[in-house]
Amino acid sequence: MSEIIVDVKNLTKQYGKQMALDGVSFQIKKGSIVGLIGPNGAGKTTIMKIMGGLAFPTSGELSMYGASDEKGLDHARTRMSFMIETPYEKDKMTAYENLEKQRLQKGIPDKKRIEEVLEIVNLTDTGKKIVKNFSLGMRQRLGLANALMGKPEFMVLDEPINGLDPEGIVEIRELFRKLNKEEDITMVISSHILSELSLLCTDYIFINHGQIKGVFTADELKAACSEYYHIDTDNNEKASAILTGNCGIDKVEVLEDGSLRIYQGFDDIRNISKTLYENGIIPIELSKNEVNLEDYYMKMVQSS
């Protein structure tokens, strides 16, 4: 059984009258890559800040590496690294100088570690270029380099691929896989690029309005992201009534553009098409698809 290294129980965080987190509970297992998914203001950053000791819960319990008291949590955080919101850096310093400053502050004795992490994040050729002149993607890479300095066992990363071009996104994705498999680093990643999370994560936590809406393994999410038929006709309103009344379809989902989705009747799709036609409905599109992570996310947000 995998070791549980983060255990969150009924966590709440209130700012004045605003409830940022409302009874949040989840676990993170060693060796996993967890996608933390939700819209802006959902509570993602608040969770990461509490884990990093940058904010404190109003109530509930946070346990990391078996510790839940303040001293124990501080010790647990020495095994972790955090890149939350804007990566820390000094604009008038080079990448190397920034990491040297962090090395000294963190008490890391090996100066060679700077060159190692710069190579890992592909910033070895920045030379004397100061951070002020870095692109957003380069700043993200520097933030990752800083997070890797202490050889963490667990990384918490807020939008780590923000600003990267497609090639850079692929490189960082492969880097995360390598760190996870070869270095056994557990990760929590918040990102709006859901297509990337779907290629990387072993587990997913969906949050909205400060509440957990779903916790899934990759296999469980795949099962939840069911297949469907997309149907568009010359009269979708009448087609919906025929599907439920004549074809035995329990539920017809009407999309914003008026087209339809059904999640059953796949084995009888020819008869469904025939029934529509016989009732004066002309099918324009009838295609089988699969709900992906972005579809599931949008459905979760709209239903919250």
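Look up a bit, the structure's there.
Residues numbered from 1 in each chain as written. Predicted model: local features only at pLDDT ≥ 70, side-chain atom pairs only at ≥ 80, totals over all residues. Heavy atoms only, no water.

## A word on the packing of aromatic side chains
How two aromatic rings sit relative to each other is given by the distance of their centres and the angle of their planes. The cut-off we apply is this: Each pair of aromatic rings taken from Phe, Tyr and Trp, with Trp reduced to its six-membered ring, is defined by centres within 6.5 Å and is described as stacked if the planes are under 30 degrees apart, edge-to-face if over 60, and tilted in the remaining cases. In this text, helices come from DSSP runs of H or I with a minimum length of four residues, and strands from runs of E with a minimum of two, each type numbered from the N-terminal end. Residue burial is assigned from relative accessible area. The probe radius is 1.4 Å, only protein chains are included, and a residue is buried under 20% of its type maximum, exposed over 50%, and partly exposed in between.
This structure, assessed with the given rule, holds two aromatic pairs. Taking 6.0 Å as the distance between ring centres and 80° as the angle between the ring planes, the aromatic pair formed by F206 and F216 counts as edge-to-face. Residue F206 is located in strand β8 (residues 203–208), and its partner F216 is located in strand β9 (residues 211–217); the two are separated by ten residues in the primary sequence. By relative accessible area, which is 16% here, F216 ends up buried.

## Some points on helix α1 (residues 44–52)
With respect to burial, α1 is a largely interior element, seven of its nine residues being buried. Among the residues of α1, those classed as buried are K44, T46, I47, M48, I50, M51 and G52. Immediately downstream of α1, the backbone of G53 shows phi near 80°, a positive value.

## Some words on the environment of M48
For clarity, the cut-off: Whether two residues are in contact is decided by their heavy atoms, any of which lying within 4.5 Å being enough.
Among the secondary structure elements, M48 is positioned in helix α1. A residue is classified by how much of its surface remains accessible, and M48, at 0% relative accessible area, is buried. Taking the C-alpha atoms as reference points, M48 and D232, separated by 184 residues in sequence, lie 43 Å from one another. Beyond its immediate chain neighbours, meaning those up to four positions away, M48 contacts L36, F82, I84, V156, L157, D158 and S190.

## Digging into the side chain of K44
To keep things clear, this is the line we draw: His is not counted, nor are the chain ends; Lys and Arg add positive charge and Asp and Glu add negative charge. Every case where a carboxyl oxygen of Asp or Glu lies within 4 Å of a side-chain nitrogen of Lys or Arg is listed as a salt bridge. For the purposes of these results, a polar contact is taken to be a pair of N or O atoms within 3.5 Å, where, inside protein, one atom must be able to donate a hydrogen and its partner to accept one; residues adjacent in sequence count only when each atom of the pair is a side-chain atom.
Within the secondary structure, K44 sits in helix α1. For K44, which is buried and forms no salt bridge, the nearest opposite charge comes from E159, at a distance of 5.8 Å. Here G38 takes part through its backbone oxygen, which lies 2.8 Å from a polar atom of the side chain of K44.

## Section: the sheet that holds strand β2 (residues 18–29)
Quick note on the threshold: When DSSP finds two or more bridges between a pair of strands, those strands are recorded as paired. An axis is simply a line fitted to the C-alpha atoms; with a helix, the fit covers only the stretch in contact. Between two such axes, the angle follows the N-to-C directions and lies from 0 to 180 degrees.
Ordered in space as β2-β1-β4, the three strands form an open sheet in which the pairing is antiparallel. One side of each edge strand has no neighbouring strand; the edge strands of this open sheet are β2 and β4 (59–64). On average, each strand axis in the sheet is tilted by 15° relative to the strand beside it, whichever way the strands run. By the bridge criterion, eight bridges tie strand β1 (residues 4–15) to β2 in an arrangement that is antiparallel. Residue pairing in the sheet places Q14 in a bridge with M19 of β2.

## Overview of the sheet that holds strand β3 (residues 33–37)
Read across the sheet, six strands follow the order β5-β6-β7-β3-β8-β9 without closing on themselves; strand pairing throughout is mixed. Because the sheet does not close on itself, it has two edges, and the strands there are β5 (80–83) and β9. When the angles between neighbouring strand axes are averaged without regard to direction, this sheet yields 15°. Two strands pair when backbone bridges link them, and strand β6 (residues 154–158) and strand β7 (residues 186–190) are joined in this way by five bridges, in the parallel orientation.

## Some remarks on the packing of helix α9 (residues 236–245) against helix α10 (residues 269–278)
Note the cut-off: Our angle categories are set so that under 35 degrees counts as roughly parallel, over 145 as roughly antiparallel, 65 to 115 as roughly perpendicular, and the remainder as oblique. Should the near helix be turned anticlockwise from the far one by less than a right angle, the crossing is left-handed, and should it be turned clockwise, the crossing is right-handed.
The geometry of α9 relative to α10 is characterised by a closest axis approach of 10 Å and an angle of 125° between their N-to-C directions. Taken together, α9 and α10 sit at an angle that is classed as oblique. Here the hand of the crossing between α9 and α10 comes out right-handed. Residue-level inspection shows A239, I242 and L243 of α9 in contact with α10, the latter providing I272, T275 and L276.

## Re the pattern of salt bridges
One side chain can pair with another of opposite charge once the charged atoms of both are near each other. In the structure shown here, the tally under the stated rule is twelve salt bridges. Ionic pairing is found between R173 and E196, a salt bridge with its closest N-O pair at 2.7 Å. Taken together, the positions of R173 in helix α6 (residues 166–182) and E196 in helix α7 (residues 194–200) put the pair 23 residues apart, joining distant regions of the chain. The exposure class assigned to E196 is buried, which follows from its relative accessible area of 13%.

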